Amino acid sequence: MFSSKIVRVLYRPAARPFKRIHRNYSSAGKGRGLVLGAYDPQEEGGPLILTPTANKFDQSQNGQLQKILTVASRKLKPGNSRVLYGLGGDYTTVAVANLGKQDAGFCPLNQFDEGRENVRSAVASACRQLQNAGETQVEVDPCGDAEAAAEGSFLSLYSYDELKAEDKRKDPVKVTCNTSFLPFDGSEYQTKWERGTLLGKGQNLARHLMEAPSNKMTPSIFCKEVTKQLAPNCSLIVRDRKWAESEKMGAFLAVAQGSIEPPKFLEIHYQGASSSMPPVALVGKGITFDAGGISLKPSADMDKMRADMGGAACVAGAIMTASRLKLPINIRGFIALCENMPSGHAMKPGDVITARNGKTIQVDNTDAEGRLILADTLCYAETFQPSLMLDIATLTGAIDVALGAGAAAAYTNCDVAWDHLQQAGSRTGDRLWRMPLFELYKNHVTTCQLADVNNVGKFPRSAGSCTAAAFLKEFVTVKHWVHLDIAGVMMNRDEVSYLNRGMSGRPTRTIVEFLQRLGKSSA
């Protein structure tokens, strides 16, 4: 049993004895770690409230866990964790995660389920700490919400380091749900854990596609990578330049012509319901590198434009997840892939091009290219007569200024779709915020000197995201349409605690939740 004196040594962050004890316990070699959950005390200064799993584990250790926590849990804030060494049993390390208030639920101010977010954050913190301690096997307490616990686990442990030397890569961690300490049957928790695992892996797929350098994720390589992830109940078609020419996709081809990389058009089909049920169309912007074309971007942070295909990555991740969850819905994914580069072949400011639906577009800024490839893709997707069409794109820097990483922007002509999206975002914690589709913004893009529409508004510094959405609406005739501008959530710095720094893969999980709600409502 640990004395309080020893515990103080263990948890003094700057003390040398901590480093020595940490080294001794972790030197046992890549063992098993355990994540346990605990809630804030009911009264200030009181003990943490253990989850059923943590309580059963404590009983197996003769109450040793609770005794240590009386000292070790001081100043342990919600969403954080504390690692304990030498508790005994089958685990070399035990991480206790503070899940916050036991009765936390939907927060109207933050517009998400606070309890689920607390689980994701706390479990993520614990998993990272155990990974840093050298554990390669980690068992996680369901923490009252096994789905959220799995999401926090898998999202927090993802890192893109495959291009580094092997000794600089993080050791992979096998994460499982621990139901052995539950005082009741844990089969329901196991089912929810498996769903959360698929959701986490789906977002991680999007992160992988976005994070890869542009020379390692060209249009052709993107198609190959998605093919590798193809589920048995999906089919995939890769189209080439000649096909795009036959479809009269003048806007898409105009963007692609500045690069030596051949453009690709990717279709993903998932049949989860009766063939008589019309599909939901998901359209993703697939600019695998955006230099801005002739309207060249500043060099600072241009490397981040390898992730300008974030919409395409989210579409791929969402469909792969939906297919593995076997959602009762039909989905068609449409992704136009190319680079936007400056060259002697590139389109020029002032050029007029013709989209698939026959509308002419004056290109006053070649860096507003995403809406051009989406215009043709939306027109093509409509030929499948979808019940709803949703496009996803890292479209404008303006939305990053407006919303930052707090939420992705949603523009829609359908109130029912918005209700489903809002509920989906509040459950996943990856929120959306509705933006306007006023006629005012339409006038900004249809007032054009040389063509039917202009690819930038007549007041370029005003309402950039809104005018981009208004431009897309000129190429949409379906009754139910949603446009998501995800430029503000493309990267994670420190805004989402359970994601590491880098490309975020947001809002893949929200799209999957949205699709599930659509499937239920149409069943």
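Throughout what follows, the structure given in this document is the object of discussion. By convention here, each chain's residues receive numbers from 1 onward along its written sequence. Since the coordinates come from a predicted model, pLDDT governs what is reported: local features require at least 70, and pairs of side-chain atoms require 80 or more to be given and counted, while whole-chain, interface and lining totals use all residues. Only hydrogens and water are removed before side-chain values are computed, so all heavy atoms of the structure are retained for them.

The next thing to look at is the sheet that holds strand β14 (residues 360-363). Paired strands, in this sense, are two strands between which DSSP finds at least two bridges. Only runs of H or I of at least four residues qualify as helices and only runs of E of at least two qualify as strands under DSSP, and these elements are numbered from the N terminus. Spatially, β13-β14-β18 is the arrangement adopted by the 3 strands of the open sheet, whose pairing is mixed. Unpaired on one side and paired on the other, β13 (351-354) and β18 (453-454) mark the two borders of the sheet. Alignment of β13 against β14, held across 4 bridges, turns out to be antiparallel. Bridging from a neighbouring strand, T354 pairs with T360 of β14.

Pairing of aromatic rings covers Phe, Tyr and the six-membered ring of Trp, with a centre-to-centre limit of 6.5 Å; geometry is then stacked below 30 degrees between planes, edge-to-face above 60, and tilted otherwise. Tallied over the entire structure, the rule returns 13 aromatic pairs. Here the aromatic rings of F57 and F181 are separated by 5.5 Å at their centres, their planes lie at 90°, and the arrangement is edge-to-face. With a gap of 124 residues between them, F57 in helix α3 (residues 52-60) and F181 in the loop between β8 (174-177) and α7 (187-211) connect regions that are remote in the sequence. Ring plane angle 45° and centroid distance 6.1 Å describe the contact between F184 and Y189, whose orientation is recorded as tilted. Through pairs of rings, three or more aromatic residues link up here, namely W243, F252, F265, F334, Y380 and F384. In this scheme, the term charge over a ring applies when either NZ of a lysine or CZ of an arginine sits within 6 Å of the ring centre and within 35 degrees of the ring normal. Between the NZ or CZ atom of K359 and the centre of the ring of F475, over which it lies, the distance is 5.8 Å.

Okay, the side chain of R195 next. Along the chain, R195 turns up in helix α7. A distance of 2.9 Å separates the side chain of R195 from the side chain of E147, its partner in a polar contact. Every residue in contact with R195, bar those within four places of it in the chain, is listed here: E147, L325, R427, E513 and Q516. Pairs of N or O atoms within 3.5 Å make up the polar contacts considered here, provided that, within protein, one atom can donate a hydrogen while the other can accept it, and that residues adjacent in sequence are counted only when both atoms are side-chain atoms. Two residues form a contact once any of their heavy atoms are found within 4.5 Å.

Within the secondary structure layout, E369 lies in the loop between β14 and α12 (370-381). Apart from the residues within four sequence positions on either side, E369 is in contact with V255, K285, I287, D290, D308, N340 and M347.

Before going further, it helps to examine the packing of helix α6 (residues 146-157) against α7. The interhelical angle for the contact between α6 and α7, taken along N-to-C directions, is 35°, at an axis separation of 7 Å. Between α6 and α7 lies a crossing of right-handed hand. Contact with α6, carried on its side by A146, E147, A149, A150, E151, S153, F154 and L155, involves Y189, K192, W193, R195, G196, T197, L199, G200, K201, Q203, N204 and R207 of α7 and no other residues of that element. Residues belonging to the contact of α6 with α7 are distributed by class as follows: 8 nonpolar, 6 polar and 6 charged. Each axis is a line fitted through C-alpha atoms, taken for helices only over the stretch in contact, and angles between the N-to-C directions span 0 to 180 degrees. The handedness criterion is simple: a crossing whose near helix is rotated anticlockwise from the far helix by less than a right angle is left-handed, and one whose near helix is rotated clockwise is right-handed. Note that Gly is not counted as nonpolar here; it falls among the polar residues with everything else outside the nonpolar set of Ala, Val, Leu, Ile, Met, Phe, Trp, Tyr, Cys and Pro and the charged set of Asp, Glu, Lys and Arg.

Spatial ordering of the open sheet is given by β9-β10-β12-β11-β15-β19-β16-β17, a layout of 8 strands whose pairing is mixed. For this open sheet the edge positions go to β9 (234-239) and β17 (432-434), each flanked by a neighbour on one side alone. Between one strand axis and the next, the sheet turns by 20° as a mean value, whatever way the strands run. The sheet contact formed by strand β15 (residues 388-393) and strand β19 (residues 481-485) spans 5 bridges and is parallel. Its bridge partner being in β19, D391 is matched across the sheet by H483. Most of the contacts of helix α11 (residues 310-325) go to strand β11 (residues 280-290), to which it runs at about 140°, and overall it touches β9, β10 (264-271), β11, β12 (330-340) and β15.

It is worth spelling out the packing of α11 against helix α17 (residues 508-522) at this point. For the pair α11 and α17, interaxial distance at closest approach is 9 Å and the crossing angle is 45°. On the basis of the axis angle, α11 is oblique to α17. Viewed along their axes, α11 and α17 form a crossing whose handedness is right-handed. For the pair α11 and α17, the contacting residues are C314, G317, A318, T321, A322 and L325 in the first and T508, I511, V512 and L515 in the second. Each angle gets one of four labels, with under 35 degrees taken as roughly parallel, over 145 as roughly antiparallel, 65 to 115 as roughly perpendicular, and the rest as oblique.

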